[in-house]
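Overview (structure and organization)
If you want the building blocks of each chain, they are given just below.
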Amino acid sequence: EAAEELKSLLEGTGSELPTVLHGDEGILACSTIDSADTVVTGIVGAAGLKPTIEAIKLKKDIALANKETLISGGPVINPLVKEYGINMLPADSEHSAIFQCLQGVPEG
């Protein structure tokens, strides 16, 4: 409903309309857009799995901003990361801190 309302409001401006996407279809379209090299995945819960998987299949790097992707989908996501040779990096402070701890600190 909100997407249709926005579209109606924009039609009255006389300017070129952007494409208004929403729902699962919109999320999938955003995660697989040709012009993106990296996709930030931060959707709460399992809803972020499908767009993340589809982005990986298109060899897009993943900037991970939710834990659910690895907790609920790790057995699927991790092999895909290796198979498609993409990078998955933390995109928020908690994940980044864990990532840094796992890498260790050089002596000195």
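These numbers come from a predicted model, not from an experiment.

This part takes up the side chain of T52. You can see T52 is positioned in helix 3 (residues 49–57). Overall, T52 belongs to the buried group, its relative accessible area being 0%. Excluding its chain neighbours within four sequence positions, the residues that come into contact with T52 are T41, I62, T69 and I77.

Along an α-helix, a turn takes 3.6 residues, which lines up residues three or four apart on a common side. Buried residues of helix 3: L49, P51, T52, I53, A55 and I56, and no others. Packed against the buried residues of helix 3 are helix 2 (23–31), strand 1 (38–41), strand 2 (61–64) and helix 4 (68–84). At the C-terminal side of helix 3, K59 shows a positive phi close to 60°.

For the rest of this paragraph, the subject is the confidence of the model for the chain. Per-residue pLDDT for the chain averages 87, and the proportion of residues at 70 or more is 94%. Confidence scores differ between elements of the chain, with helix 5 (residues 93–103) showing the lowest mean pLDDT of 70 and helix 3 the highest of 96.

Think of two packed helices as two axes; the pair is described by the angle between the axes and how far apart they sit. Where helix 3 contacts helix 4, the two axes come as close as 10 Å, and the packing angle between them is 5°. One finds that helix 3 runs roughly parallel with respect to helix 4. In contact with L49, T52, I53, I56 and K57 of helix 3, helix 4 contributes T69, S72, G73, V76, I77, L80, V81 and Y84. Residue composition of the contact of helix 3 with helix 4, grouped by class: eight nonpolar, four polar and one charged.

With that out of the way, let us pick up the sheet that holds strand 1. Ordered in space as 1-2-3, the three strands form an open sheet in which the pairing is parallel. Looking at strand neighbours, the two that pair on one side only are strand 1 and strand 3 (88–90), the edges of this open sheet. In this sheet, adjacent strand axes meet at a mean angle of 25° when their direction is disregarded. Where strand 2 and strand 3 come together, three bridges link them in parallel fashion.

The subject of this paragraph is the pattern of salt bridges. If the charged atoms of two oppositely charged side chains come close together, the side chains can form a pair. For the structure shown, the criterion picks out one salt bridge. Among the ionic pairs, E54 bridges to K57, the shortest N-O distance being 3.9 Å. Placement of both E54 and K57 in helix 3 is noted, with a separation of three residues, approximately one turn of the helix.

Among the nonpolar cores identified, the biggest contains twelve residues, and these are V39, L49, I53, A55, I56, I62, L64, I77, L80, V81, I86 and M88. Of all the secondary-structure elements, those providing two or more residues to this core are helix 3, strand 2 and helix 4. The element that contributes the greatest number of residues to this core is helix 3, accounting for four residues. Once you skip the residues sitting within four places of it in the chain, A55 turns out to touch S31, T32, V39, K60 and I62.

With 17 residues, helix 4 should reach 24 Å at 1.5 Å per residue; the first-to-last C-alpha distance of 21 Å falls well below that figure. Of all the bends in helix 4, the greatest, near 100°, is centred on G74, and the proline P75 appears no more than four residues after it. The set of residues buried in helix 4 consists of T69, G73, G74, I77, L80 and V81. Buried residues in helix 4 make contact with strand 1, helix 3, strand 2 and strand 3.

How each quantity is defined
Residues numbered from 1 in each chain as written. Predicted model: local features only at pLDDT ≥ 70, side-chain atom pairs only at ≥ 80, totals over all residues. Heavy atoms only, no water. Helix = DSSP H or I, 4+ residues; strand = E, 2+ residues; numbered from the N terminus. Buried < 20%, exposed > 50% of the residue type's maximum accessible area, 1.4 Å probe, protein only. Contact = heavy atoms within 4.5 Å. pLDDT = per-residue confidence, 0-100. Axes fitted to C-alpha atoms, helices over the stretch in contact; angles between N-to-C directions. Parallel < 35°, antiparallel > 145°, perpendicular 65-115°, else oblique. Nonpolar A, V, L, I, M, F, W, Y, C, P; charged D, E, K, R; others polar. Pairing = 2+ DSSP bridges. Salt bridge = Lys/Arg side-chain N within 4 Å of Asp/Glu carboxyl O. Core = buried A, V, L, I, M, F, W, Y, C linked by side-chain atoms within 4.5 Å. Expected span 1.5 Å × (residues − 1). Bend = angle between axes of the 7 residues up to and from the residue.

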